[in-house]
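An overview of the molecular structure
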Amino acid sequence: MKGFHQFLKLQIILSLLLNIALAHAHLIGEQPLAKIHILGTSLALRHDASIKAQPVLLGLTGEDTEWVTVDLQSPNPSSGDWVGVFSPAKFNSSDCYSATDTKDQQPYICSAPIKYQFANYSSSSYTKTGKASLKFQLINQRADFSFALFSGGLSNPKLVAVSNYISFVHPKAPLYPRLALGKSWDEMTVTWTSGYSIHEAAPFVEWALHGASPTRSPAGTLTFTRNDMCGAPARTVGWRDPGFIHTSFLKGLWPDRVYKYRMGHLFPNGSYVWSKDYTFKSSPYPGQDSLQRIIVFGDMGKGERDGSNEYSNYQPGALNTTDQLIKDLKNIDIVFHIGDITYANGYLSQWDQFTSQVEPIASTVPYMIGSGNHERDWPNSGSFYDGTDSGGECGVLAQNMFYVPADNRAKFWYAADYGMFRFCIADSEHDWREGTEQYKFIEGCLATVDRQKQPWLIFAAHRVLGYSSDYYYGLEGSFEEPMGRESLQKLWQKYKVDMAFFGHVHNYERSCPIYQNQCVNSKTSHYSGIVNGTIHVVVGGGGAHLSKFSQVNTSWSIYKDYDHGFVKLTAFNHSSLLFEYKKSRDGKVYDSFTISRDYRDVLACVHDGCAATTLAS
């Protein structure tokens, strides 16, 4: 009987773990480009099928985004026919073969398309007439483009026809600037992508206050190769040359001033190539008493404005979030995107497309990112989790495409000071538990802030190291990432962290001020004086497909929303802060609270957060 009970217990545990795994798999989903069995492509070219793209030259007046019309005709149309966009235009088969590969067929396409549409997407009569006209939106990605018509669906593609080649007039142009805070308050970094190596042209940023003489700051240049990828698809069908990533450090900025800037490349013959003109506002001095507005969200990804199929159901809210931020950009000072940036998952072309999508935001205000599972996780690569969510990128794309003020960008934890705010950004894809290098950083970040000058102390990480009523966390019963808050909650309490933000779970939820599973403040919409605990916020509804909540009614949860959205923090001064949760579909506020307090309230003794005292005089 004892053996039977042990067996039954084991079966229950295995069943629970399976349910958690299935729930987590549903949460992550599948990268849509991975559905294409591109290596299995067979040759079915027909002389009576055609596909043509126009215009042939793009960006004639400096545009880096253009609409292209693709007209196609097939003598044997079917609902499974689709058109893939390839860049570079010439299908590369030179590195598809190996000594152990006995497959002998042509073509053997080794690179996935950068996007695709089904032939009947905008031409419902295609299966009857065999004729269709599709619209694609292309961005400048440093190479030419071609379009290919396939039959057989995504799982058994047969190449029927290939289009003419088209390209941007200046494919190597400096593009898609991403601002980020530097390591000091008076520094702004500008990162951008181009097709120019340092041997072709010297990169720099020209910048100035309005009306002042411009200054030029040189840029460092990075790139990486296929061998830097940890596995497939990043190392195989998802690989695409990343071009060159440049970062310039603009130093000695005046606080809260508007600067204009542009990226440039100087050629050996003395000529230049320039980007468009941009502006940004420099950071306030740490502790400066002024209006400061912060955006926080996670898990956005990219969307497709042309209806391309690869993201139709994968990140349905990404464009809504992007567009709401662009619409309100004059009322935003800095953005924190806390992990799961693009969901490229090893298909490198998607990173360029994401930087193009957020360019109106990231070129104007600092766009600070955190590391998530879809950027970092890969087996035997040093990540805390041994999953394959990065698609073989193992952090390389994130740490090169975006700058963060970390001591080691491969370890994605850093502190960021913005006026009255101190942000401590953790990396949940590396071990954070007590005794680790990251734990020491977290405590140091929290302990070194001067709360008289920077009263608003914020912790953020990708995975939920705090509290979440998410479905698969509920299956475990702990309502957190396993081992999430056990080591950290004493730090949050000791250093009186105001809020802890998390992504990973694709919904919105706000907790009460909480410590050790107990609400320590009964208020819900306005907190005054001593708050007593940290408010935990899941804000992973930036754009990816949504995550359902547990049916368990958690006592500490104040507000839940199964929708896409983001948080806006507005600090009016050292004593008054407004928290707003806005839905991405309409930009309206659906949850909010305020905090009003004085410096003495921050200093006050709370449970497990009291400074040592002595009776000595």
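This one's a predicted model, so the numbers in the text were calculated from it and none came from an experiment.

Our next topic: empty space enclosed by the protein. Under the definition given, this model contains six cavities of 30 Å³ or more. For the largest cavity, the lining is made up of 16 residues, of which Lys 496, Asp 498, Val 531, Asn 532 and Arg 597 are closest to its centre. When residues of the lining of the largest cavity are traced back to their parent elements, those giving at least two are α10 (489–494) and α11 (599–603). For the lining of the largest cavity, a count of residues per class yields six nonpolar, five polar and five charged. Space inside the second largest cavity adds up to approximately 60 Å³. Around the second largest cavity sit Arg 142, Phe 224, Arg 240, Asp 241, Pro 242, Leu 348, Ser 349, Trp 351, Asp 352, Leu 397 and Met 401, which together line it.

Time to look at the packing of aromatic side chains. Going through the model one piece at a time under the given rule, you end up with 36 aromatic pairs. With a centroid separation of 6.4 Å and an interplanar angle of 70 degrees, the aromatic rings of Phe 354 and Tyr 367 are classed as edge-to-face. With Phe 354 in helix α4 (residues 349–357) and Tyr 367 in strand β21 (residues 367–370), this residue pair connects regions lying 13 residues apart in the sequence. You can call Phe 354 buried: its relative accessible area is 0%. By the ring-pair criterion, three or more aromatic residues cluster together here, those being Trp 82, Phe 86, Tyr 116, Phe 118 and Phe 150. Here the basic side chain of Arg 178 rests over the ring of Phe 402, its NZ or CZ set 5.7 Å away from the ring centre. The ring of Tyr 467 carries the charged tip of Arg 485 above its face, separated from the ring centre by 3.9 Å.

Strand order in the open sheet made by the seven strands is β21-β20-β19-β31-β32-β33-β28, with mixed pairing throughout. Both outer strands of the open sheet, β21 and β28 (526–528), are each paired with one neighbouring strand and no more. Shown here is a sheet whose adjacent strand axes are inclined to one another by a mean of 15 degrees, direction ignored. Where strand β19 (residues 292–297) and strand β20 (residues 334–338) come together, four bridges link them in parallel fashion. What sits directly across from Ile 295, in β20, is Val 335.

Any segment with low pLDDT has predicted coordinates that should not be analysed in fine detail. Taken residue by residue, the protein chain gives an average pLDDT of 92. The fraction at 70 or more is 92%. Per-residue pLDDT stays below 50 along residues 7–28; that stretch engages in 22 contacts with residues further than four places along the chain or on separate chains.

Attention now goes to the sheet that holds strand β6 (residues 115–118). Taken in spatial order, the five strands make up an open sheet running β1-β9-β8-β5-β6, and their pairing is mixed. The strands lining the two open edges of the sheet, one partner per strand, are β1 (42–43) and β6. Bridging between strand β5 (residues 82–86) and β6 involves four bridges; their strand directions are antiparallel. Bridging across to β6, Val 85 finds its partner in Lys 115.

Counted as a void, the largest pocket has a volume near 440 Å³. Lining the largest pocket are 27 residues, and of these Ser 87, Pro 88, Trp 239, Arg 240 and Asp 241 lie nearest its centre. Considering only residue class, the lining of the largest pocket consists of twelve nonpolar, nine polar and six charged.

Attention now goes to the state of the cysteines. Tallied over the full model, the rule gives four disulfides. Two residues, Cys 424 and Cys 445, share a disulfide whose sulfurs are 2.1 Å apart. Taking the sign of the S-S torsion, about -95 degrees here, the bridge from Cys 424 to Cys 445 comes out left-handed. Of this pair, Cys 424 sits in strand β23 (residues 421–425) while Cys 445 sits in helix α8 (residues 437–447), placing them 21 residues apart in sequence. With relative accessibility at 4%, the residue Cys 445 sits in the buried group. In this model, Cys 512 is linked to Cys 519 through a disulfide, with the two sulfur atoms separated by 2.1 Å. Measuring handedness by torsion sign, the sulfur bridge of Cys 512 and Cys 519 sits at about -90 degrees and is left-handed. Note on Cys 512: relative accessible area 3%, which makes it buried. Across the protein chain, the way the bonded cysteines pair up, counted in sequence order, is 1-2, 3-4, 5-6, 7-8.

Mapped onto the fold, Ala 398 is located in helix α7 (residues 396–401). With relative accessibility at 1%, the residue Ala 398 sits in the buried group. Sequence separation between Ala 398 and Ala 173 is 225 residues, and the spatial gap between their C-alpha atoms is 21 Å.

Burial within strand β8 (residues 146–151) is extensive, with six of its six residues counted as buried. Burial along β8 is two-sided: Ser 146, Ala 148 and Phe 150 and Phe 147, Leu 149 and Ser 151, pointing in opposite directions, are all buried. In this structure, β5 lies alongside β8, joined through five bridges in antiparallel fashion. Of the residues in β8, the one forming a bridge with Trp 82 is Phe 150.

Definitions and limits used
Residues numbered from 1 in each chain as written. Predicted model: local features only at pLDDT ≥ 70, side-chain atom pairs only at ≥ 80, totals over all residues. Heavy atoms only, no water. 1 Å grid on protein atoms, 1.4 Å probe; cavity = no way out; pocket = protein on both sides within 12 Å on 5 of 7 lines; lining within 4 Å. Points joined across faces, edges and corners; volume = space filled by probe spheres on them. Helix = DSSP H or I, 4+ residues; strand = E, 2+ residues; numbered from the N terminus. Nonpolar A, V, L, I, M, F, W, Y, C, P; charged D, E, K, R; others polar. Phe/Tyr/Trp six-rings, centres within 6.5 Å; stacked < 30°, edge-to-face > 60°. Buried < 20%, exposed > 50% of the residue type's maximum accessible area, 1.4 Å probe, protein only. Lys NZ or Arg CZ within 6 Å of the ring centre and 35° of its normal. Pairing = 2+ DSSP bridges. Axes fitted to C-alpha atoms, helices over the stretch in contact; angles between N-to-C directions. pLDDT = per-residue confidence, 0-100. Contact = heavy atoms within 4.5 Å. Disulfide = S-S within 2.5 Å.

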